[in-house]
Amino acid sequence: MSLISLVGASKDFGINTLFADLTLHIDQGERLGLIGPNGAGKSTLLKVLAGLEPLGSGERRCSPRLSLELVGQESAVEPGRTVLQEVLAGCGEKRELLLRFNELSDEIARKPNMPALLTELGHLSQRMDEAQAWSLEQQCQEVLQRLGITDLHRPVEELSGGYRKRVGLASALVARPDVLLLDEPTNHLDATAVEWLQSWLDRYPGALVLVTHDRYVLDRVTNRMVEVERGQARNYVGNYSTFLQQKAEQEASEASTAAKFKGVLRRELAWLRQGPKARSTKQKARLQRIEAMREEPLKQARGSLEMANVSRRIGKLAIEAENLHVTADGEPNSTKLLEDFTYSFSPEDRIGIIGPNGSGKSTLLDLIAGRRQPTGGSLRLGDTVHLGYLDQHTEAFTSGKGLERKVIDFVEEAAIRIDLGGEQVTASQLLERFLFPPAQQHSPLSKLSGGERRRLTLCRILIQAPNVLLLDEPTNDLDVQTLSVLEDFLEDFRGCVVVVSHDRYFLDRTVDRLFSFEEGRLQRFEGNYSAFLTRQQSKEREQQDNKGLKATKSTKGSDSSTQNQAQIATSELPGSAAQSSTNKENKPRRRSFKETRELEFLDQNIPLLEAKRAELEASLAKGDNDLTLLSQELADLIETLHNNEERWLELSELTP
């Protein structure tokens, strides 16, 4: 059964058709990825699915009582609320149950001898069990912390746009709606938060419609792709990797068909151009067929984004940092962001900067760009260095007057004529290479989508021929096609590239060395992000194994000698783990002695907790003692019982 359906749907903004005659069904458990160039209408299509944007024609249908959450690129918040209150506000029935339970408990405390209130409390407790609403506040706190928000009581109006979006995302995740619509949810998240979000979406049981530039997320969580481009929407069954394969085959087939069509038309036209004697004997049907072929519009080839290498010569030194120190506000005694960093960037460097949000990644780029001064140490640029800095803010678009400038004026401010590998091109020709057709070049900047503005800013930076590129979250708001071309461009770029990014795919393709912010110091790692992540996971496993080993040793007691003898006897057996470390690694982890004792305790304790829960519920129904205290005790007990059951499941799955 379809949860949301668009039938014969069309949407346009004046002369720009986003999609026409679109039929799209979102079924239960759907995992759909929306892709297409910036400005193609992906965000608008999400709003149409959510019922927030009207259709030009066609029909939108949805199931009754459908719960739906849209997390757009900009999140509105309610002034006066704290972060936690804002997230709780989106929790629907669970929140209402929790609020009513608290209100009812207060009423019973004031009027303990009213059977109707006690009966309602009993029913309400059962509904909260069914909705799993007891631990709602704890869930909100956990999701917020996973998304990098630790101050849960800060007023939401004080948050930046990026943090407001995280709050909106947290609210949608905790609500767990039937349909979740996400527009670039990984923007402003660090790599750790993206990894967690990817795992969460992979387990999410509801329907999901996702717009994202993160190709690893697309590949992991989707099973159908819809490409929106040039007024059309095409369906592809499978994840992102499958889509790429199908797309390549489709384009090859279309190119072959177009070539055959042109060949037939060329032969027919040659026949038509024969002398008057031949024309007098021509068949009428053949003449009509030739005319129809000439009038038939060929499918226009998709524009190809071109980024030519325009960098200048660079000397042996690009950037030199020596004993660099940086604090949050520039004062020596304030919070340290960077301490004692020394490194000489070479002209061939491809460096990625990673770390948690707020650790100082963007600050480091601002230091290199001269926008900020270090607290201590020195930083020097080579004499031949010409910087190109793509930051996160694109200030050129933020002022009111700036938005009224034309697209071509914005580029001509940087350069009117550009030398691309010896070829002189105008600003207009360069814009066409960046997929801005002549008709769009004279539109105001305010008409561009966020991704188009980002692409235009990148165009302006590249035409100034930098030889050191500083890229701060370059993948934000760029479509997948532009990212692929940018990655190819950086491979051939003759100069130094320093990238701050949370996009794992982009880092894997563009860098060969990483600097990771760890407690105010930059730790160097040779390799791309996937290699770095593999090393981190290996270190975490070693730490866990060491903790488990220490815990096991501490609980052995008098049984240690017996266990040692058993291990010695086992090691003498053929094919034992002591003889083959490879076999040991392939086997599932065995339950330790301490974990076995813990499992035995849980087997005995869980029935006791369940009995205590039944006793408390009976006391609430009878109105015994202080009902407010009883209610709180019951809520705490249910949470403890839930944690015990989760731990029991975890331990029972280990090999004895």
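Here the structure is a predicted model, which means the values were calculated and not measured. (Residues numbered from 1 in each chain as written. Predicted model: local features only at pLDDT ≥ 70, side-chain atom pairs only at ≥ 80, totals over all residues. Heavy atoms only, no water.)

Here's the deal with the nonpolar core
Item 1. Counting residues in hydrophobic clusters, the biggest one holds 68 residues, and the most contacted among them are Cys-140, Leu-144, Leu-169, Leu-173, Leu-180, Leu-182 and Leu-201.
Item 2. Among the elements that make up this core, the one with the highest residue count is helix 23 (residues 627-652) (7 residues).
Item 3. Every residue in contact with Leu-201, bar those within four places of it in the chain, is listed here: Arg-31, Leu-180, Leu-182, Leu-208 and Val-221.
Item 4. Cys-459, Leu-486, Val-499 and Leu-514 belong to the second-largest nonpolar core, a separate cluster that totals 37 residues. (Core = buried A, V, L, I, M, F, W, Y, C linked by side-chain atoms within 4.5 Å. Buried < 20%, exposed > 50% of the residue type's maximum accessible area, 1.4 Å probe, protein only. Helix = DSSP H or I, 4+ residues; strand = E, 2+ residues; numbered from the N terminus. Contact = heavy atoms within 4.5 Å.)

As for the sheet that holds strand 17 (residues 468-472)
Item 1. With respect to topology, 6 strands assemble into an open sheet ordered 14-17-18-12-19-20, the strand pairing being mixed. The open sheet has two free edges, formed respectively by strand 14 (387-390) and strand 20 (521-526), since each of these has just one partner strand. When strand polarity is set aside, the average angle formed by the axes of neighbouring strands in this sheet is 15 degrees.
Item 2. Pairing between strand 14 and strand 17: 4 bridges, direction parallel. From the neighbouring strand, Gly-388 faces strand 17, where its bridge partner is Leu-469. (Pairing = 2+ DSSP bridges. Axes fitted to C-alpha atoms, helices over the stretch in contact; angles between N-to-C directions.)

Things to note about the pairing of strand 17
Item 1. In terms of residue burial, strand 17 counts as a mostly covered element, since 5 of its 5 residues are buried.
Item 2. In this sheet, strand 18 (residues 496-500) lies alongside strand 17 in parallel orientation, the contact comprising 5 bridges. Residue pairing in the sheet places Leu-470 in a bridge with Val-498 of strand 18.
Item 3. Taking the sense of rotation as the criterion, the β-α-β connection linking strand 17, helix 17 (residues 480-492) and strand 18 turns out right-handed. (Right-handed = clockwise from strand over helix to strand, strands pointing away.)

Side note on the pairing of strand 10 (residues 319-327)
Item 1. Relative to strand 11 (residues 336-345), strand 10 runs antiparallel, the two sharing 6 bridges. The residue of strand 11 that forms the bridge with Ile-319 is Phe-345.

Let's talk about the sheet that holds strand 5 (residues 68-71)
Item 1. Spatially, 6 strands are ordered 5-6-7-3-8-9 in an open sheet, and the strand pairing comes out mixed. Both edges of this open sheet fall to strand 5 and strand 9 (232-237), since each of them pairs with a single strand only. Taken pair by pair, the neighbouring strands of this sheet meet at an average axis angle of 15 degrees, ignoring direction.
Item 2. With 4 bridges connecting them, strand 5 and strand 6 (residues 179-183) associate as parallel partners. Each residue of the ladder has a partner; that of Val-71, found in strand 6, is Leu-182.

Details of the packing of aromatic side chains
Item 1. The full count for this structure, using the stated rule, is 11 aromatic pairs.
Item 2. A centroid spacing of 5.2 Å and a plane angle of 20 degrees characterise the contact between Trp-200 and Tyr-204, whose relative ring orientation is stacked. Take Trp-200 and Tyr-204: they sit in the same class, and that class is buried.
Item 3. Judged by centre distance (5.6 Å) and plane angle (70 degrees), the rings of Phe-525 and Phe-532 are edge-to-face.
Item 4. For Phe-525, a relative accessible area of 12% gives the class buried.
Item 5. Taking relative accessible area as the criterion, Phe-532 reaches 7% and is therefore assigned buried.
Item 6. Connected via pairs of aromatic rings, a cluster forms that spans Phe-341, Tyr-343, Phe-345 and Phe-515.
Item 7. Taking the ring centre of Phe-410 as reference, the NZ or CZ of Arg-460 above it sits at 4.6 Å. (Phe/Tyr/Trp six-rings, centres within 6.5 Å; stacked < 30°, edge-to-face > 60°. Lys NZ or Arg CZ within 6 Å of the ring centre and 35° of its normal.)

Some remarks on the pattern of salt bridges
Opposite charge on two side chains permits them to pair, given that their charged atoms come into close proximity.
Item 1. Summed over all chains, the structure comprises 23 salt bridges.
Item 2. A salt bridge links Glu-53 to Lys-11; the shortest N-O distance between them is 3.2 Å. Residue Glu-53 is found in the loop between helix 1 (42-50) and strand 4 (57-62), and its partner Lys-11 is found in strand 1 (residues 2-13); the two are separated by 42 residues along the sequence.
Item 3. The buried category is assigned to Lys-11, whose relative accessible area is 8%. (Salt bridge = Lys/Arg side-chain N within 4 Å of Asp/Glu carboxyl O.)

What to know about the packing of helix 5 (residues 136-146) against helix 6 (residues 161-175)
Item 1. Following both chains from N to C, one finds helix 5 and helix 6 inclined at 135 degrees, their axes separated by 10 Å at the closest point. The orientation of helix 5 with respect to helix 6, classified from their angle, is oblique. Helix 5 and helix 6 meet at a crossing whose hand is right-handed. Across the interface between the two elements, Leu-136, Gln-139, Cys-140, Val-143 and Leu-144 of helix 5 pack against Ala-170, Leu-173 and Val-174 of helix 6.
Item 2. Its residues placed into classes, the contact of helix 5 with helix 6 shows 7 nonpolar, 1 polar and no charged. (Parallel < 35°, antiparallel > 145°, perpendicular 65-115°, else oblique. Left-handed = near helix turned anticlockwise from the far one by under 90°. Nonpolar A, V, L, I, M, F, W, Y, C, P; charged D, E, K, R; others polar.)

Here we look at unusual backbone geometry
With the exception of glycine, the majority of residues adopt a negative phi angle, and the majority of peptide bonds are in the trans configuration.
Item 1. You will see that Arg-176, though not glycine, has its phi angle at about 50 degrees, which is positive.
Item 2. The topology assignment puts Arg-176 in the loop between helix 6 and strand 6.
Item 3. The backbone phi angle of Glu-184 is positive, close to 50 degrees, even though this residue is not glycine.
Item 4. By the secondary structure assignment, Glu-184 is in the loop between strand 6 and helix 7 (191-203).

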